[in-house]
Amino acid sequence: MRRLALYIARRLVMIPVSMFVIMTLCFGLVSLIPGDPAAAITGGYATAEQIEAVRDQLGLNKPLGERYLDYVGKVLRGDLGNSFFTGRPVISSIGEYLPNTLELIIPALVVAIVLGLALGGIGAYFQGRAPDRLSSIAITITQSIPDFVLGLVGIYLFFYILRIAPAPLGRLGIADSEPTQITNFLFVDSLLTGNWPALGSAMQHAVLPVLTLGLIYSSYFAKTTRATLGQAMNSVQVEFARACGLPEWQVVRYAFVASRTAILTYGAILFGVLLGGAAIIETLFSWRGAGQWALDAMLKVDVPVIQGFVLVVGLMTLIIYLALDVLIVMLDPRTTHG
């Protein structure tokens, strides 16, 4: 237990170091983005003097080193700056948009895990046989379809043709009233306030984007499950379990237990990918999530928003990976703490 505590302490110490590296790289890369935020703010008819005045107001005329030190000082004080275009604090915008993204990617990750385990498990159990080949075909098809194409097909089929899905115009219908904001999570606030019409509408609007992301990313999860579980099914431990006369379901369960660390690892990786990778689906369904918000900021070269988004997503990813490492160490005592 003491070794585990020391391991966690070392990992916690590394988080500020990693965040400093992320912060520095983000600042440097954003500074290289082509485009002038001042020119975008003032518009195409602004004079050179007006653009220069805006640049001076935003601090863009300062030397790069001075801007970097100002940026680091603000971050250390918990200030991520204000948007160049709206003037709104970045931290408050993240508090508004990030819950929307989490309420999209968490159910999508559940769908991806369930489908991925099913497809990968079938392929691993029936290696070289017809179910394995059918599973491989399904994995290949879902992996080769871009997420926005699948989303567009879903909108056309279920909204335009069948009329069983709501219009992709946001998280609620036009006539629906939003629940009183308590946690900024729409599903949670609808439950806490007893706004059942809003909860039902939100769930209906979430079906298509959740299934789109879940289907696309289930293929990646299925490939990992197929490889790790297939290796476990051919291991000496599984052969010994079968030789002992154990039921087949118990043998498969032992194989899943033997391959759980790789499956858990890939699940955490997918969560980190979805934090920033759901931007196109959020835009397609007008989801108003953090990815859509950051994508719009990149198109406008809204530097504080881009930097704030990268920092928050980076911190969340580091925390998720830390929790994953601790969980794996607790599940598998053979894992080293070094």
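Refer to the structure above for everything that follows.
Numbering of residues starts from 1 in every chain and runs along the sequence as written. Restriction of local features to residues with pLDDT of at least 70 applies here, the model being predicted, together with a cutoff of 80 or more for giving and counting side-chain atom pairs; totals for whole chains, interfaces and linings are based on all residues. Note: side-chain values were computed over all heavy atoms of the structure, leaving out hydrogens and water.

When you go through the protein residue by residue, the secondary structure sums to 15 helices and zero strands. For the protein, the spread of C-alpha atoms along the principal axes amounts to about 85 × 55 × 40 Å. When accessible area is computed with a 1.4 Å probe and restricted to protein chains, residues below 20% of their type maximum are described as buried, those above 50% as exposed, and intermediate ones as partly exposed. Looking at the protein residue by residue over its 338 residues, the buried ones come to 41%. By definition, residues are in contact when any of their heavy atoms lie within 4.5 Å. Sequence separation of 24 or more characterises 72% of the internal contacts of the protein that already satisfy a separation of 6 or more. With the model as given, the accessible surface of the protein reaches about 18200 Å², and the carbon-plus-sulfur share is 68%. Only DSSP runs of H or I covering at least 4 residues are called helices, and only runs of E covering at least 2 are called strands; the numbering of each starts at the N terminus. Here the open area of atoms and residues is found with the Shrake-Rupley method and a 1.4 Å probe, where only the protein chains shown may cover a residue.

In this section: the pattern of salt bridges. Here, a salt bridge means any Lys or Arg side-chain nitrogen found within 4 Å of an Asp or Glu carboxyl oxygen. On inspection of all chains with the given rule, the structure shows eight salt bridges. Where Asp 325 meets Arg 11, a salt bridge forms, and the shortest distance between an N and an O atom there is 2.1 Å. Of this pair, Asp 325 sits in helix H15 (residues 303-331) while Arg 11 sits in helix H1 (residues 2-31), placing them 314 residues apart in sequence. By relative accessible area, which is 23% here, Asp 325 ends up partly exposed. Within this structure, Arg 88, Glu 96 and Arg 288 form a network of salt bridges that share partners.

For patch detection, residues must exceed 30% relative accessible area and be free of salt bridges, and they are connected within 9 Å for like charges or within 5 Å for nonpolar side chains (Val, Leu, Ile, Met, Phe, Trp, Tyr). On the surface, Met 14, Val 17, Phe 20, Val 21, Leu 25, Leu 29 and Leu 32 cluster together into a nonpolar patch covering about 720 Å² of accessible area. Relative to the assigned elements, Phe 20 resides in helix H1.

A few words now on the packing of aromatic side chains. Any two rings among Phe, Tyr and Trp, with Trp reduced to its six-membered ring, count as a pair given centres within 6.5 Å; such a pair is stacked if its planes are under 30 degrees apart, edge-to-face if over 60, and tilted if neither. In total, this model carries seven aromatic pairs according to the counting rule given. Ring plane angle 80° and centroid distance 4.9 Å describe the contact between Tyr 125 and Phe 126, whose orientation is recorded as edge-to-face. Taken together, the ring pairs connect Phe 27, Tyr 68 and Tyr 71 into an aromatic cluster. Lys 300 extends its terminal NZ or CZ atom over the ring of Phe 85, reaching a point 4.7 Å from the ring centre. Should the NZ of a Lys or the CZ of an Arg lie within 6 Å of a ring centre and within 35 degrees of the ring normal, that charge is described as sitting over the ring.

In this scheme, a helix's expected span is set at 1.5 Å multiplied by one less than its residue total. Compared with the 21 Å implied by 1.5 Å per residue over 15 residues, the 21 Å span of helix H6 (residues 130-144) between its first and last C-alpha is a close match. Listing the buried residues of H6 in full gives Asp 132, Ser 135, Ile 139 and Thr 142. In an axial view of H6, the angular spread of the buried residues amounts to 100°, which keeps them on one side of the axis. Exposed residues lying more than 90 degrees from the buried face of H6 are Arg 133, Leu 134 and Ser 144. Looking at the packing, one finds that the buried side of H6 touches helix H5 (90-125) and helix H9 (196-233). Note: the arc covers the axis-to-C-beta directions of the helix.

This part takes up the environment of Glu 52. Following the sequence through the fold, Glu 52 ends up in helix H3 (residues 48-58). Residue classification places Glu 52 among the partly exposed residues on the basis of a relative accessible area of 42%. As a C-alpha pair, Glu 52 and Ala 39 span 13 residues in sequence and 8.8 Å in three-dimensional space. Polar contacts here mean pairs of N or O atoms no more than 3.5 Å apart (in protein, one a potential hydrogen donor and the other a potential acceptor; neighbouring residues in sequence count only if both atoms are side-chain atoms). Of the polar contacts made by the side chain of Glu 52, one reaches the side chain of Asn 61; its length is 3.1 Å.

Attention now moves to helix H12 (residues 260-277). Helix length check: H12 (18 residues) gives 25 Å between terminal C-alpha atoms against 26 Å at 1.5 Å per residue, within 8%. If you check which residues of H12 are buried, you get Ile 263, Gly 267, Ala 268, Leu 270, Phe 271, Gly 272, Leu 274 and Leu 275. Contact partners of the buried residues in H12: H5, H9, helix H11 (248-258) and H15.

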